[in-house]
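# Survey of secondary and tertiary structure
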Amino acid sequence: GPLLTTRELGWAIHHHAVIGSTNDEAVSLARDGAAHGEVVIADRQTAGRGRRGRVWASPPRVNLHLSAILRPKLPPQRAPELVAVVAVAAAETLRDLGVSAGIKWPNDLEAEGRKIAGILLDLSADAGRIHFVVAGIGINLNATRDDLPEELRGIATSVRQEVGAIVSRAEVAASLLAHLETWLDRFEEEGFAPVRSRYRELSSILGHPVRLTEPDRTLDGIAEEIDEAGALIVRLPDGGTERFLSGDVTSLRK
Ligand code: BTN
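Since the structure is predicted, the reported quantities are computational estimates derived from the model, not experimental observations.

To continue, consider the site of the ligand. The environment of the ligand is formed by 20 residues, the closest being Ser21, Gln45, Arg49, Arg51 and Lys115. A distance of 3.0 Å separates a nitrogen atom of the ligand from a polar atom in the side chain of Gln45. At 2.7 Å from an oxygen atom of the ligand is found a main-chain nitrogen or oxygen belonging to Arg49. Against a free-state accessible area of 420 Å², the protein chains account for coverage of 98% of the ligand. Sorting the residues of the shell around the ligand by element identifies helix H1 (22-31), strand S3 (64-70), strand S6 (114-125) and strand S7 (130-139) as the ones contributing at least two each.

Partitioning the protein chain into domains gives domain 1 (13-202) and domain 2 (209-251). Placing a centre on the C-alpha atoms of domain 1 and another on those of domain 2 gives a separation of 23 Å. Taken together, the 12 residues of domain 1 in the interface contact 17 residues of domain 2. When the two sides are added together, the surface that domain 1 and domain 2 hide from each other amounts to roughly 1200 Å², 51% of it contributed by carbon and sulfur. Taken together, domain 1 and domain 2 are joined by 4 salt bridges. For the salt bridge of Glu225 with Arg200, the shortest nitrogen-to-oxygen distance reads 2.7 Å. One can count 6 residue pairs in polar contact (both at pLDDT 80 or more) joining domain 1 with domain 2. Those elements giving two or more residues to the side of domain 1 that touches domain 2 turn out to be helix H2 (79-96) and helix H5 (193-202). In terms of residues, the side of domain 1 that touches domain 2 owes the most to one element, H5, which gives 3 residues.

Conventions and cut-offs
Residues numbered from 1 in each chain as written. Predicted model: local features only at pLDDT ≥ 70, side-chain atom pairs only at ≥ 80, totals over all residues. Heavy atoms only, no water. Near = heavy atom within 4 Å. Polar contact = N/O pair within 3.5 Å; in protein donor to acceptor, adjacent residues only side chain to side chain. Areas by Shrake-Rupley, 256 points an atom, 1.4 Å probe, with all protein chains shown as cover. Helix = DSSP H or I, 4+ residues; strand = E, 2+ residues; numbered from the N terminus. Domains from an automatic or database assignment. Contact = heavy atoms within 4.5 Å. Buried area = accessible area lost by both parts, 1.4 Å probe. Salt bridge = Lys/Arg side-chain N within 4 Å of Asp/Glu carboxyl O.

Quick look at the structure:
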């Protein structure tokens, strides 16, 4: 059958052998007027970006680096819901491949406690509306343990390491775009409720002890709920709760 089954996402694909960052490229295309659904893919990134200004390093040619330009009709305050939409699509893509992937709030994908994919959203908005969103997804596909630097072996994994087979980047890209389109449609038609309920099923932290790290403090508790805005509710040792719209989570189980 056809590789790409989407209606809108991926109608134009800008493929690069090497690029700094697919998100940077997609942002610049979007600023120049690129339309909803245009996608940037690179075999290799030389300046891949992670959340919170971190570097996203990835060995050449083995991984998927994909950024989709989205123009959702959504007030900017609702951007966190979009993060959940992308996380659900990425988790379902990984599950279809046989990986027991879970979402670590807000948008890390892990398998057996090790990172397998990451999501970075770049938002362009004013107080009233979103101009565009670039949804960047990096999935560790075909790296072996030996391809990883020593310090990453304990904390990162790949589809190949999890399922024991090499996967096609084109097929994974097509599947990811299909899942993303399905969930974006659903989000537009039914709102956040169905996204939230799928997100909760796919969460790897709900009900488990976590540590939340913010720039100025650290806090331990139990990840209790993802609320109707996509925020994480943590139950604290003193019985109270705290609500987070962003932050870094470490799982304290094992
Ligand atoms: C994270 O976990 O910190 C997010 C990582 C996001 C990486 C992807 S790879 C494709 C896209 N281009 C980038 O520069 N970053 C995202």
